[in-house]
Amino acid sequence: MRRAVTAYRRQIFLLMAVYIGLMWLVWPHVHTATSLPLKVALALVPLVPMSAALWLIVMDVVGGDELQQRVHLIALSIATGVTCAASFMAGVLCAAGVLVLGGDDLMWVLPATALIYAAANWVVGRRYGGLGCS
Amino acid sequence: MKNRLRELRDRHAWSQGDLAEQLEVSRQTVNAIETGKYDPSLPLAFRIAKLFRMNIESIFEPGKE
């Protein structure tokens, strides 16, 4: 089981590295690309490693035992709740003209959810004796 | 909820990993049940009882809720 966790972590880190690399290398060209199809393709390329990582996470949750699934569920509820509340607050402030938000800011919703999820997973896992996030 | 999982596991000289493997759960789950941090679902409680050839109520007893 420990070997599977190590392989899972390695795959997640690899996909995240690919994602960061793509954002670093490809994203700057999105604004300068002249043709629309190229612009769309460049903009959506980072979704490939991100989708693969999400798929791996889903498979990890599905393959977990009942306590692991409970920890994932609690962590996901916390992450979703916090992100929804923060997004709603930002949206309301934006609509009121207090805050100015661009489309680029929406890109932070998923990483923020993932970070809160990882932190919540670790904290909740510790409550049950250190399951942590795999 | 109190349980006798640790005692029963010791009696069989099984490690938490051994028991986890037989119950098809993680070692952390066995640890959480043993330390009373997690109450197993009914199906898992039945699997534990079947493994030790005992009744559920002779392994688990309700604590003060």
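Quick notes on the rules
Residues numbered from 1 in each chain as written. Chains lettered and ligands numbered in written order. Predicted model: local features only at pLDDT ≥ 70, side-chain atom pairs only at ≥ 80, totals over all residues. Helix = DSSP H or I, 4+ residues; strand = E, 2+ residues; numbered from the N terminus. Rg over C-alpha atoms; globule rule 2.2 N^0.38 Å. Buried ≥ 20, exposed ≤ 12 C-beta atoms within 10 Å, placed from the backbone. Contact = placed C-beta atoms within 7 Å. Nonpolar A, V, L, I, M, F, W, Y, C, P; charged D, E, K, R; others polar. Axes fitted to C-alpha atoms, helices over the stretch in contact; angles between N-to-C directions. Parallel < 35°, antiparallel > 145°, perpendicular 65-115°, else oblique. pLDDT = per-residue confidence, 0-100.

## Side note on the overall build of chain B
Of regular secondary structure, chain B possesses five helices and two strands. Secondary structure elements of chain B occur, N-terminal to C-terminal, as β-α-α-α-α-α-β. The C-alpha atoms of chain B give a radius of gyration of 11 Å, which matches the 11 Å a tight globule of 65 residues would have. Overall size of chain B, expressed as C-alpha extent along the three principal axes, is 30 × 25 × 20 Å. Among the 65 residues that make up chain B, the fraction classed as buried is 23%. Sequence separation of 24 or more characterises 48% of the internal contacts of chain B that already satisfy a separation of 6 or more.

## Quick look at the overall build of chain A
Along its length, chain A carries seven helices and zero strands. The order of α-helices and β-strands along chain A, N terminus first, is α-α-α-α-α-α-α. Within chain A, buried positions represent 13% of all 134 residues. Contacts in chain A between residues far apart in sequence, at least 24 positions, make up 64% of those at least 6 positions apart.

## Focus on the interface of chain A and chain B
Each partner contributes residues to the interface: chain A has nine residues there, and chain B has 11 residues. Taken together, the residues that form the side of chain A that touches chain B break down as four nonpolar, three polar and two charged.

## Some points on the environment of H29(A)
Residues and elements named next belong to chain A. Locating H29 in the fold gives a position in helix 2 (residues 27-30). Note on H29: 12 C-beta atoms within 10 Å, which makes it exposed. Taking the C-alpha atoms as reference points, H29 and K39, separated by 10 residues in sequence, lie 8.1 Å from one another.

## Some points on the environment of A114(A)
Residue and element names in this part refer to chain A. Mapped onto the fold, A114 is located in helix 7 (residues 109-127). Residue classification places A114 among the partly exposed positions, given that 17 C-beta atoms sit within 10 Å. Along the chain, A114 and L22 lie 92 residues apart, while their C-alpha atoms are 18 Å from each other.

## Describing the environment of G125(A)
Position of G125(A) among the secondary structure elements: in helix 7. For the pair G125(A) and E66(A), spaced 59 residues apart in sequence, the C-alpha separation works out to 13 Å.

## Describing the packing of helix 2 (residues 16-23) of chain B against helix 3 (residues 27-34) of chain B
Residues and elements named next belong to chain B. Two numbers describe how helix 2 lies on helix 3: the axes approach to 8 Å, and their chain directions differ by 105°. The angle between helix 2 and helix 3 falls in the class roughly perpendicular. For the pair formed by helix 2 and helix 3, the contact residues are Q16, G17, L19 and A20 on the first element and R27, T29, V30 and N31 on the second. Taken together, the residues of the contact of helix 2 with helix 3 sort by class into three nonpolar, four polar and one charged.

## Concerning the confidence of the model for chain A
Scored by pLDDT, chain A has a mean of 89; 95% of the residues are at 70 or more. The least confident element of chain A is helix 6 (residues 103-106) of chain A, whose mean pLDDT is 82; the most confident is helix 5 (residues 66-95) of chain A, at 95.

## Looking at unusual backbone geometry
Its identity is not glycine, yet E24(B) carries a phi of approximately 60°, on the positive side. Structurally, E24(B) can be placed in the loop between helix 2 and helix 3.

## What to know about the confidence of the model for chain B
Mean pLDDT over chain B works out to 93, with 97% of the residues at or above the 70 mark. The ipTM, which scores confidence in the relative placement of chains, is 0.86 for this predicted complex, and the corresponding pTM is 0.80.

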